[in-house]
Structure formats: C-alpha cells, structure tokens
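Read off the chains here:
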Amino acid sequence: MVDQKTPADAAASRGRGGAPAIRERLTRRKPVEELVAETQAAEGTGLQRHMGFWQLSMIGIGATLGTGIFVVLGEAVPVAGPAVILSFVLAGLTALFSALAYAEMAGMIPASGSAYSYSYATIGEFMAWVCGWCLMLTYGVSVAAVGVGWGEYINELLHLTTGLSLPQALLAGPMEGGLVNLPAAAVVLLSMFALLGGVRESSRLNAVMVVVKVAILVMFVAIAVTAVQEGNFAPFMPMGMAGVSAAGATLFFSYIGFDSVSTASEEARNPQRDLPRAIMFSMILVTAIYCLVAFAAVGAFNWTGFADGETSLAGILTKVTGTPVWAVVFAAGAVLALASVVLVVLYSQTRILYAMSRDGLIPAAFSEVDAKGTPRTNTLVTSLVIAVLAALVPLGPLADATSIGTLFAFALVNVAVLVLRRTRPDLPRAFRVPGAPVTPVLGVLACAFLMFSMSLSVWLAFLAWLAVGFAVYFGYGMRRSALERV
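These figures come from a predicted structure and were not determined experimentally.

A. Layout of the pattern of salt bridges. Scanning the model with the defined rule gives eleven salt bridges in all. Two residues, Arg421 and Glu104, come together in a salt bridge whose shortest N-O distance is 2.9 Å. Note that Arg421 is positioned in helix α17 (residues 396–423) and Glu104 in helix α6 (residues 84–108), a separation of 317 residues in sequence. Judged by its relative accessible area of 0%, Glu104 falls in the buried class. By sharing partners, the salt bridges in this structure join Arg25, Arg28, Glu125 and Glu484 into a single network.

Structure, rendered in structure tokens:
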C-alpha cells in the first residue's frame, strides 16, 4: 500500500532539483503487489516457469546437502563427541526458524530476489541493498570455497584409483605457494556451461546429481551401521552442552542452502503453493540425512579418532570394510555431490543479481535474458569472476565473513514477516509461520547470537565488504534505482 502525500508533503520530502530527499530514498519500498505484478508482467519475456515441487526441492537439497556432511563433520566431532548428532539437531532447529520465515515470504512474494526482494517490500531500499550485497558475498565466496573442496575430492579420487596426485602447483593459488587452483576454476566453469543450457536442462542435471548424492550417503549409512558399537557412544557428551552448542554453531552453515529455493521463484510453475512446501521438505530431509550419517559415523568409528580433523567418511568406509573399493565409490559420489552445490549456488547468485538489476541498482545487462529465458551476460560475468576467485585468491577471513552475511539476510527475512503481519494482515498467505510473532523474534535472536559469536577478524572482513557496498550504492545504485523518479 503506497502512502498518500499532499503536494506540500511531497515537496518538503524532496531536495533541490526535485530529487527525493536522502531519507526518503533510503527507505522507499516496492509494494508487494508491485513485486508480484512485475514478475507476472515478465512472463514470456523474462525468466521462464519450468519448475515444479520436485525440481524446487532438488534445488534446496542440492545447495544444502554437501559441504556440511562431506567436510565439516570431521571438524565438529572432536568438539562435541558422539553428541554431534544433537549438534546437527540444534543447528537444524536454529535454521528452521528462518526456513519458516522464508516459507511464508516466498508464498507471498514469488520474486527471484529472495531475501533482497522481501527486504525491499518491507524495510526499504537501502536495507534491501545491504541484504543483496551480503548475499553476493555469501553466494560468490561459497561457490569458490566449495570449488576448492571439489578439487580436493578430485585429487583424492585420482590417488585412490591410480596412486597419482595432481601437482601442488595446480591445487593452490600463488598466495598459497601454488600457481593456480585448476580444479576449483574448472568446476565453476562447468557449472556455467550447464546454466547457459537453460534452467530446464540444468535443473534436470542437478536432480540427477542430488539422487546420486543421497544414494551414496544412504550407502555409507548402510555399510557403517553394521560396524556400530555401543561403546563408541560413551561418554555421549564428553565436552558437555558447551561442546554441543559450539559444534552446532559450526554446523549451522550446513543448512543455509534452503535460501536457494526462493531464488527460483520466477521459474516455478506454482510458486505460492510449491515454494513453501519445497523449503520445508528439503530442510526436513537434509536434517534427517545429517543425523543418520552422524550416528553411523561416530557409532562405527570412535569419536577420538576424529581428533586430527582429517578423518573423512571415505576413510571410515575403508576402515570398516577393509577394502578401498567403497571409498572409491564414495569419493566419486562426493565429486558429484559437491558439483551440485556449485551448480545450485551459482544459479542462486545469478538470480539475486537479476532481481537487483531489474530494480536498477546494478547495470541492466544483468537482467537481460536470451530466448531460453537465461540471463546469459549475468551468468557469464558472474561465473568468470568466481572462477578467478576460486583459482587465485585464498579465501581466509572472507570465507568466514560469508557466515555473517548469511545470518544478516536470514534475520531480515524474519523481520520482514513481522512487518507484513503488522502492516498487511490482509495479504493472502499460502503458508503462515506458526507461533508468530514469537517464532520470527526467536529467529532474529538466534541469528544475532551466532553473528556476535564470530571473531573480530571476521567482523573486520565483513565490515570492509559492507564499506565497499555502501560506496557502490551511493555512487551508482541510489541514483539509478527504478524508484528514483516514481
């Protein structure tokens, strides 16, 4: 609903030359009806609606089920012991608060901008820009980081099958003693070509990789559970509840991929119905798989053996079966699993940029689509930049700063639910957050708690990224916004 102003009020709110006053420019909003109408008007000329509930669920699972279980588990077990199972549950419940908020907002605002668009409709343009800028960091650096992990699994698979390894010069950038991280750049470029083929084709490819990913994790559980020993669960909480919560904070970032479902809003056939269902289904399935794998891993292999932080699921299979065959199968599956994460998260990055470009906050080239409904220039530029980042730059604190950026975006989505419940109770909602306003408030508090648990160096990296974002917004986005002359 647009505020009604008298001519005198309008004149008072504008600066010299008829431009909106700075406060008005920072807080201007796009009404929900305008966002919905914009996506409907773009049908046939913009992104194309090809995806149903199954494809949307595969996006959520593809983006979420990956690094957390293939990499982070080995770091979390020494902190929590066998109670790492509870840590996964704790992290899942924390993420669930924001997932519920996403489900309500996605059912009302089927726009590709995800948290960025939700913030634009409720809090205002400046905070929406900050949210979008944080998501750029989250998605861009996450793709690069997963690409680096993919290269490590490629190298492990090569070693298991041939006894050879890639030269160190091709596994690290020049700042880390190497020349270029070739596998990391390669998986980003391969994902780029898949996305350029069209959303229908890339969603099918992702679905295949997700099925393989789930299958190898089920295989791991089926094999490892045969070696489960009751003694491996004692003591269950060697570090107490403090260890469980500390590991939960680490594992929380294993759940953030459900945001990718909402970035597919404008390519969903029935977004109001299918988006909330896909978000909740992917969250429940991923949490169940995480807990089952954690149970089988610590049950089959004493938690003290994870102390070096390098024990992998593939290594556990070798110890349990006495043969490297299953480890080879698992490593091959892990290569596909992490590739699906790169594909989906890169897709999500391009759709956030698409929405921001359509609003005029970044160049118009990022919202131009080809005959297949693919934002070609957007995909090319984004992929090439991230490929260079993955190949040459050590991520360090910047990678950790993605966690703060994600938590900030999640907090804003919870705030958006509260704002619209108060200002627009009349809007139809395909899904309603249960227990509101308590549940969204808990979501904000949970995100804030984890944000302020980060180290000073991570905060400094995050603030530096925000400073660059402010410069871009005030130097370009604010003046070129589609709402500038409305």
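From this point on, the discussion continues.
B. Representation of the packing of helix α10 (residues 199–224) against helix α15 (residues 325–358). Between α10 and α15, whose axes approach to 8 Å, the crossing angle comes to 145 degrees. Note on packing geometry: the crossing formed by α10 with α15 is left-handed. Each residue belonging to the contact of α10 with α15 can be placed in one class, and the counts come to 20 nonpolar, four polar and two charged.

C. Examining the side chain of Thr439 more closely. Along the chain, Thr439 falls in helix α18 (residues 438–451). Under the relative-accessibility criterion, Thr439 is labelled buried at 11%. In contact with Thr439, other than residues within four places in its own chain, are Phe97, Leu100, Asn414, Val433 and Pro434.

D. Structural view of the environment of Thr263. When you line up the elements, Thr263 lands in the loop between α12 (259–262) and α13 (271–300). Note on Thr263: relative accessible area 0%, which makes it buried. When the C-alpha positions of Thr263 and Ala355 are compared, they lie 9.3 Å apart, and in sequence the two are 92 residues distant.

E. Main features of the packing of aromatic side chains. Applying the stated criterion to the full structure yields 17 aromatic pairs. With 5.8 Å between their ring centres and 35 degrees between their planes, Trp129 and Tyr473 make a pair best called tilted. Of this pair, Trp129 sits in helix α8 (residues 125–162) while Tyr473 is found in helix α19 (residues 456–480), placing the two residues 344 residues apart along the sequence. Pairwise contacts between aromatic rings join Phe126, Trp129, Trp133, Trp465, Phe470, Tyr473 and Phe474 into one cluster. Cation over ring: Lys30 sits above Tyr120, and NZ or CZ is 6.0 Å from the ring centre. Positioned above the aromatic ring of Phe53, the side-chain terminus of Arg277 is 4.7 Å from the ring centre.

F. Highlighting a nonpolar patch on the surface. Nonpolar side chains collect at one region of the surface, where Leu86, Leu90, Phe236, Met237 and Met241 lie side by side and expose about 400 Å² of accessible area between them. Mapped onto the elements of the fold, Met241 is located in helix α11 (residues 240–251).

G. Focus on unusual backbone geometry. Of the consecutive residues Ala234 and Pro235, the connecting peptide bond is found in the cis state with omega at -10 degrees. Take Pro235: it is sitting in the loop between α10 and α11. Of note, the bond from Ala436 into Pro437 is cis; its omega dihedral lies within 30 degrees of zero at 5 degrees. Among the structural elements, Pro437 can be located in the loop between α17 and α18.

H. Inspection of the state of the cysteines at higher detail. In the structure shown here, the tally under the stated rule is zero disulfides. The structure places no disulfide on Cys134, whose sulfur is separated from the nearest cysteine sulfur, that of Cys131, by 6.7 Å. By relative accessible area, Cys134 is classed as buried at 0%. The cysteine Cys447 is free of any disulfide, with Cys131 supplying the nearest cysteine sulfur at 11 Å. Residue classification places Cys447 among the buried residues on the basis of a relative accessible area of 2%.

What counts, and where the lines are drawn
Residues numbered from 1 in each chain as written. Predicted model: local features only at pLDDT ≥ 70, side-chain atom pairs only at ≥ 80, totals over all residues. Heavy atoms only, no water. Salt bridge = Lys/Arg side-chain N within 4 Å of Asp/Glu carboxyl O. Helix = DSSP H or I, 4+ residues; strand = E, 2+ residues; numbered from the N terminus. Buried < 20%, exposed > 50% of the residue type's maximum accessible area, 1.4 Å probe, protein only. Axes fitted to C-alpha atoms, helices over the stretch in contact; angles between N-to-C directions. Left-handed = near helix turned anticlockwise from the far one by under 90°. Nonpolar A, V, L, I, M, F, W, Y, C, P; charged D, E, K, R; others polar. Contact = heavy atoms within 4.5 Å. Phe/Tyr/Trp six-rings, centres within 6.5 Å; stacked < 30°, edge-to-face > 60°. Lys NZ or Arg CZ within 6 Å of the ring centre and 35° of its normal. Patch = residues over 30% accessible without salt bridge, like charges linked within 9 Å, V, L, I, M, F, W, Y side chains within 5 Å. Areas by Shrake-Rupley, 256 points an atom, 1.4 Å probe, with all protein chains shown as cover. Disulfide = S-S within 2.5 Å.

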